[in-house]
Amino acid sequence: MTADAPGSLDLGKLFAARLHAARVRPYLASALFALRPVESRQVPTMGVDRYWRCYVSPAFVDRTPVAELAAVWVHEVAHLLRDHHGRSDRYAREHQLTGPAERLRMNIAADCEINDDVYGDGLPRPEGAVTPGKLGLRAGELMEDYLRHFRLGPRLERLAWLDCGSGADGLGRAWELGPDGAHGLSEQERDAIRFRVAQGIKGRPGSAPDGWRRWAEEVFHPPQPWRQLLGSALRSAVSAAGVGEDYRYGRPARRSAALPGVVLPSLRRRPPRVCVVVDTSGSVSDAELGSALLEVAAICRALGGRRDLVSVLSCDAAARTVQPLCRTEGIELVGGGGTDLRAGFARALRTRPDVVVVLTDGQTPWPEARPACRTVVGLFPRTGGSYDEHDPDYRPDAPPAWARVVTIGSGAG
Amino acid sequence: MTSHVSVTLPAVQPQGSQLHVAEALLDLLRDTTTEPRSDLQLEALTLAVAADLPVLLWGEPGIGKTAALTQLATALDLPLTTVIASVHEPSDFSGLPVIGDDPAVQGVPMAPPDWAVRLVRAGRGLLFLDELSTAPPAVQAALLRLVLERRIGALRLPPGVRIVAAANPRSSAADGWELSPPLANRFVHLQWAHDHDVVVRGLGGTWPRATLPRLCAERLPEAVAFARRAVCEFLVARPGLVHRLPSGESRRGGAWPSPRSWEATLRLIAFATAAGSSRDVLSLLVRGTVGDGPGLELLASLDRMDLPDPETLLADPAGAGLPERGDLRQAVLDGVVDAVRRRPERARWDAAWALLVRAMETGAPDVVVVPATTLASLRREDWDVPAAIERLAGVVSLSRRADQAARPAGARR
């Protein structure tokens, strides 16, 4: 299995490299073996297309040591597993980006996402691999985050040769075989491989780096932005039966004239009454509160709720006064120290709301019984050890099951 | 008093009239052609409707859901009845009370609306419930009875009537339409998206014409047997997936696995098999019925069902057909080695070597390394090394090369 003519592709070396890659990254083995190598003299090094073909330059294989070649295999398969082509296309569409320069930027950003933890443990970092550090960016972020943070410029000129193929940035290349070429994988086959790899990583989480573990958790369930989740939780609470626009028997319907003797319900609008309980204990930051409160106000406005029906109540260990939300700013939040949301709930229920929205970090006791109205909890996530220095095993109670809980600040807000 | 003014438009408008010119311009605009194009989502919709499962199309307004339904109705030769849910009252779906002479004796019959009467009289038809998400909750509640129990007032829809509903996704629905888990479980959820290329080409004058699946009468028993085997084998292996309520805010309102939705999946697999549909179509349907995770697992298990049986391969290594794709090929070879391990016999061991040689000669050699190593370790003392092993020399050198790559890298760490 050696090259039989100068300049032809040394398949033996290429496959030995893939075998090495599969041995040091067993969780990627099935994805690596699913890649189909195609010899190409136009690709500068190695590149992939979205149909899981891998284009390889014979000269590149000749001059690269096996271990480094293995690193390139893993790098290229990572582009495909992480769906960089699809994400590039979506990003380009959302931001109306056109042209090869933008696609090069996406290729660089995609490389940054992969390269921060793909090497090491038997895979040497290839010469000239782009890392977030080299661009002065933080490691551990996603391609979309990196794209927001750098522009092409003289500093990146030496990266202009960078080309991982359309599998990395979604832009078709001249040397690629396209959707109708031989040995391409269908969308379902691609999904199946990605799913199998993700299951493998989740099944044995010890061996994969954090980046891959996060990918495996989120690949088929990307976290939704909390604004959307909070919005839909609030919307469904506010539009439930009995609130908002609905049919009621308080007045006869317009159709009653046509049906004498029959009482039909008529469509009536009763704007929802929303009470927001804000946890003003020391553990919640002002910035977090501000953004969440603005969000709730915006959603209520979008629902046609009148501002005077939305009230805000700040609560620490005791409940404070209720203020109507008549402006977006200037709500006085008083408090500090510990929290007891039971007091907040009791005070909020006295306004007879349709919905109670609680913004809290969850470091509080919760009411025992389900309140008479719907409850949406916006939860600021807190990680880390214990919260009580006198009782190291203390864990705060989770929000009760009757509340709809949206974690605020997770996912792209 | 009303006065009647009869207006009779001239049958032929005078030449040169502005309306006439406008008519000519409209004719020119309407003059479009069609081209055949495979449309996965339309194919999936057709199969689900043919299988008599209620379908819920999730899609932004204005992306051609109605146009798709018109095409579907033509393909299935069913008259289309569109009901815009948001302009109706609950009594339109639950029946209008009509008072007779003596309600105490005769009761109050609930009269159905005219379109329902026409549907029942025709005995067949496609009922499209559009804009479910903008209807008030009481209307939605009345509609769900129609979808689930097929009842409108005193009428029951005949079995020949198929029902499709459409809703806007949660993020864009202002009125908070959200399915409760029991309701979500009864629908086949299809995400409806527009294809940028199709829209641009269509506006340019050429719209796609989808060729819709036709059920093949000869394949029906085979399709049922395949579907039963697929679902049962899978659920035997994964008992935990028989029933799993959705958890977490982001998965609300979507598909989830339960005995009911598995039964729907079974039906859909049978229909897709009888129609000879691609795995991509089946993937849309299965994931829309039991959810992404269980759906993908089922599809992965279907892929394994397609692989050749190890025992068949061992019985005739010379005539064996191995899959092209590297990862599947490795799965097959692993299966073969595993079969030898379970029943170690000299003849089987030799046959496995012959298979490995065949695999090396017809595809990438790195895939063969791991099965070959395992197979070698199964050797009993009195078994001679088969002659075929000579031909695996390439694999051995490949494996050695990969080992060499690992050594310096390992030494460096």
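Only a predicted model underlies this, so the values are computations on that prediction, with no experimental measurement involved. (Residues numbered from 1 in each chain as written. Chains lettered and ligands numbered in written order. Predicted model: local features only at pLDDT ≥ 70, side-chain atom pairs only at ≥ 80, totals over all residues. Heavy atoms only, no water.)

**Regarding the packing of aromatic side chains**
If you walk through the whole model with that rule in mind, you get six aromatic pairs over all chains. Taking the centre distance of 5.3 Å and the plane angle of 40° together, the rings of Trp 349 of chain B and Trp 383 of chain B count as tilted. Taken as a pair, Trp 349 of chain B in helix 16 (residues 346–362) and Trp 383 of chain B in the loop between helix 17 (366–377) and helix 18 (393–412) lie far apart in primary sequence, 34 residues in all. Both residues of the pair, Trp 349 of chain B and Trp 383 of chain B, belong to the buried class. Chaining the aromatic ring pairs together yields one cluster made of Trp 349, Trp 353 and Trp 383 of chain B. The ring of Trp 212 of chain A carries Arg 82 of chain A above its face, with NZ or CZ at 4.5 Å from the centroid. (Phe/Tyr/Trp six-rings, centres within 6.5 Å; stacked < 30°, edge-to-face > 60°. Helix = DSSP H or I, 4+ residues; strand = E, 2+ residues; numbered from the N terminus. Buried < 20%, exposed > 50% of the residue type's maximum accessible area, 1.4 Å probe, protein only. Lys NZ or Arg CZ within 6 Å of the ring centre and 35° of its normal.)

**Some words on the environment of Val 231 of chain B**
On the secondary structure map, Val 231 of chain B appears in helix 10 (residues 220–237). Residue Val 231 of chain B is classed as buried on the basis of its relative accessible area of 4%.

**Points about the domain arrangement of chain B**
Partitioning chain B into structural domains gives domain 1 (37–97 + 109–208), domain 2 (217–306) and domain 3 (310–404). Inter-centroid distance (C-alpha atoms) of domain 1 of chain B to domain 3 of chain B is 54 Å. (Domains from an automatic or database assignment.)

**A closer look at the pattern of salt bridges**
Residues and elements named next belong to chain B. Scanning the model with the defined rule gives 43 salt bridges over all chains in all. Residue Asp 195 pairs with Arg 37 through a salt bridge whose shortest N-O separation is 3.0 Å. In this pair, Asp 195 sits in the loop between strand 10 (188–191) and helix 9 (196–203) while Arg 37 sits in the loop between strand 1 (33–36) and helix 2 (40–50), placing the two residues 158 residues apart along the sequence. Judged by its relative accessible area of 34%, Asp 195 falls in the partly exposed class. In this structure, the salt-bridge partner of Arg 342 is Asp 338, at a minimum N-O distance of 3.6 Å. Linking Arg 342 with Asp 338, this pair stays in helix 15 (residues 326–342), spanning four residues, or about one helical turn. Using a relative accessible area of 63% as the deciding quantity, one classes Arg 342 as exposed. Taking the relative accessible area as the measure of exposure, Asp 338 reaches 32% and is therefore partly exposed. (Salt bridge = Lys/Arg side-chain N within 4 Å of Asp/Glu carboxyl O.)

**Observations regarding the side chain of Ser 277 of chain B**
Position of Ser 277 of chain B relative to the elements: it lies in the loop between helix 11 (259–274) and helix 12 (279–290). Excluding residues within four positions of it along the chain, Ser 277 of chain B makes contact with Glu 43, Leu 47, Pro 213 and Ala 272 of chain B. (Contact = heavy atoms within 4.5 Å.)

**What to know about the state of the cysteines**
Going through the model one piece at a time under the given rule, you end up with zero disulfides over all chains. In this model Cys 54 of chain A remains outside any disulfide bridge; the closest cysteine sulfur is found in Cys 164 of chain A, 9.9 Å from its own. (Disulfide = S-S within 2.5 Å.)

**Notes on the sheet that holds strand 3 (residues 53–56) of chain A**
Hydrogen bonds between backbone groups are what pair the strands of a sheet, and the pairing can be parallel or antiparallel. Residue and element names in this part refer to chain A. Spatially, 1-3-2 is the arrangement adopted by the three strands of the open sheet, whose pairing is mixed. Every other strand in the sheet has two partners, leaving strand 1 (36–39) and strand 2 (46–48) as the edge strands with one partner each. If you compare each strand with its neighbour and ignore which way they point, the axes differ by 30° on average. Where helix 4 (residues 66–81) meets the sheet, its contacts fall on strand 1, strand 2 and strand 3, and the angle it forms with strand 2 comes to roughly 20°. (Pairing = 2+ DSSP bridges. Axes fitted to C-alpha atoms, helices over the stretch in contact; angles between N-to-C directions.)

**Brief notes about the environment of Trp 73 of chain A**
Residue and element names in this part refer to chain A. Looking at the element boundaries, Trp 73 is found in helix 4. Given a relative accessible area of 0%, Trp 73 falls into the buried group. Among all residues touching Trp 73, those that are not within four sequence positions of it are Leu 14, Ala 17, Arg 18, Ala 21, Leu 32, Leu 35, Pro 37, Met 46 and Cys 54.

**Some points on the sheet that holds strand 9 (residues 160–167) of chain B**
Residues and elements named next belong to chain B. In spatial order, the strands read 3-6-9-2-10; together these five strands make up an open sheet with parallel pairing. Whereas interior strands pair on both sides, the edge strands pair on one side only; in this sheet they are strand 3 (80–84) and strand 10. Mean inter-strand twist for the sheet, computed between neighbouring axes without regard to direction, equals 20°. Across four bridges, the pairing between strand 2 (residues 55–58) and strand 10 is parallel. If you follow Leu 56 over to strand 10, its bridge partner there is His 189. With respect to the sheet, helix 3 (residues 65–76) is in contact with strand 2, strand 3, strand 6 (124–130) and strand 9, its orientation differing from that of strand 6 by roughly 175°.

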